[in-house]
Amino acid sequence: MSSIYVCNLIEMPAHVEALGVSHLVSLVAPVEQPATPAGIASERHQRVGIHDISEPLDGHILPAAEHVEGLIDFVTAWPHHEAPILIHCVAGISRSMAAALITLVIKAPGRELEAARHVRKAAPHAYPNRRMIAVADRLLGCAGRLVEAREAMGPADLLPLAPLVRLPLLP
């Protein structure tokens, strides 16, 4: 069974090589976007240039429908039977965990609460970005279930920098 891996920006290049991932998602501000690591074709590197905010803030890029649509299209096309995917943001806590939760739900539609519990069990530090989850809920037609599942995760054990997390796809 294939997996989603989530990490922080600093450790991302080493994990790409060590894990043999075929696809990479970078959820960081445009000025923080990393180079595509060796071993990843540029068309398999989805860059989502957003800040980790859930409300508008001057000088920052609020996650919007076009950002989440691009993510949804990319992970929908990811051939998960071939190789794992690696998703990262700066710390591996908010934007990347939102993207991981969205990916789990895309690959297992209708199982939002199960997916959120899966994320919480694997990553006590996960604090999925509320704005990304709300936008994805609407775009995926989840009728509030994805937002509710994210809220049901409860508080996170926040860390400054998260360790690598493996999230096998739901069976």
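For the structure itself, consult the block above.
Our subject in this report is the structure included herewith. (Residues numbered from 1 in each chain as written. Predicted model: local features only at pLDDT ≥ 70, side-chain atom pairs only at ≥ 80, totals over all residues. Heavy atoms only, no water.)

## A few points about the packing of helix 4 (residues 112–122) against helix 6 (residues 145–152)
Consideration 1: Axis separation between helix 4 and helix 6 bottoms out at 8 Å; the angle between their running directions is 30°. Here helix 6 runs roughly parallel to helix 4, going by the angle between their axes. Classified by chirality, the crossing of helix 6 by helix 4 is right-handed. Contacts between helix 4 and helix 6 involve Glu112, Leu113 and Ala116 on the former and, on the latter, Arg145, Leu146, Ala149, Arg150 and Ala152.
Consideration 2: Looking at the contact of helix 4 with helix 6 residue by residue, the classes come out as five nonpolar, no polar and three charged. (Axes fitted to C-alpha atoms, helices over the stretch in contact; angles between N-to-C directions. Helix = DSSP H or I, 4+ residues; strand = E, 2+ residues; numbered from the N terminus. Parallel < 35°, antiparallel > 145°, perpendicular 65-115°, else oblique. Left-handed = near helix turned anticlockwise from the far one by under 90°. Contact = heavy atoms within 4.5 Å. Nonpolar A, V, L, I, M, F, W, Y, C, P; charged D, E, K, R; others polar.)

## Concerning helix 4
Consideration 1: Here helix 4 has its buried residues at Glu112, Ala115, Ala116, Val119 and Arg120. Down the axis of helix 4, the sector holding all buried residues measures 135°, keeping them to one side. Set apart from the buried face of helix 4 by more than 90 degrees, the exposed residues are Arg117 and Lys121.
Consideration 2: Lining the buried residues of helix 4 we find helix 3 (95–107), helix 6 and strand 5 (165–168). (Buried < 20%, exposed > 50% of the residue type's maximum accessible area, 1.4 Å probe, protein only. Arc of directions from axis to C-beta.)

## Examining the nonpolar core
Consideration 1: If you look at the biggest cluster of nonpolar residues, it comprises 42 residues, and the most contacted ones within it are Ile4, Leu27 and Leu101.
Consideration 2: Ranked by residues supplied to this core, first place goes to helix 3 with nine residues.
Consideration 3: Setting aside residues up to four positions removed in sequence, leucine 27 forms contacts with Val48, Ile50, Ile87, His88, Cys89, Arg95, Ser96, Ala99 and Met132.
Consideration 4: Ranked by size, the runner-up nonpolar core spans eight residues in total, among them Tyr5, Val16, Ile40 and Leu86. (Core = buried A, V, L, I, M, F, W, Y, C linked by side-chain atoms within 4.5 Å.)

## Observations concerning helix 3
Consideration 1: With 13 residues, helix 3 extends 18 Å between its outermost C-alpha atoms, agreeing within 8% with the 18 Å of an ideal straight helix rising 1.5 Å per residue.
Consideration 2: Buried within helix 3 we find Arg95, Ser96, Met97, Ala98, Ala99, Ala100, Leu101, Ile102, Thr103, Leu104, Val105 and Ile106. (Expected span 1.5 Å × (residues − 1).)

## Structural notes on the packing of aromatic side chains
Consideration 1: With the rule as written, the count across this model stands at zero aromatic pairs.
Consideration 2: The aromatic ring of tyrosine 127 is capped on one face by arginine 150, whose charged end is 4.8 Å from the ring centroid. (Phe/Tyr/Trp six-rings, centres within 6.5 Å; stacked < 30°, edge-to-face > 60°. Lys NZ or Arg CZ within 6 Å of the ring centre and 35° of its normal.)

## Some details on the side chain of threonine 103
Consideration 1: Locating threonine 103 in the fold gives a position in helix 3.
Consideration 2: Of the residues examined, threonine 103 reaches a relative accessible area of 0% and is grouped as buried.
Consideration 3: Discounting residues that sit within four places of it in the chain, threonine 103 has contacts with Ile4, Val75, Trp78 and Ile87.

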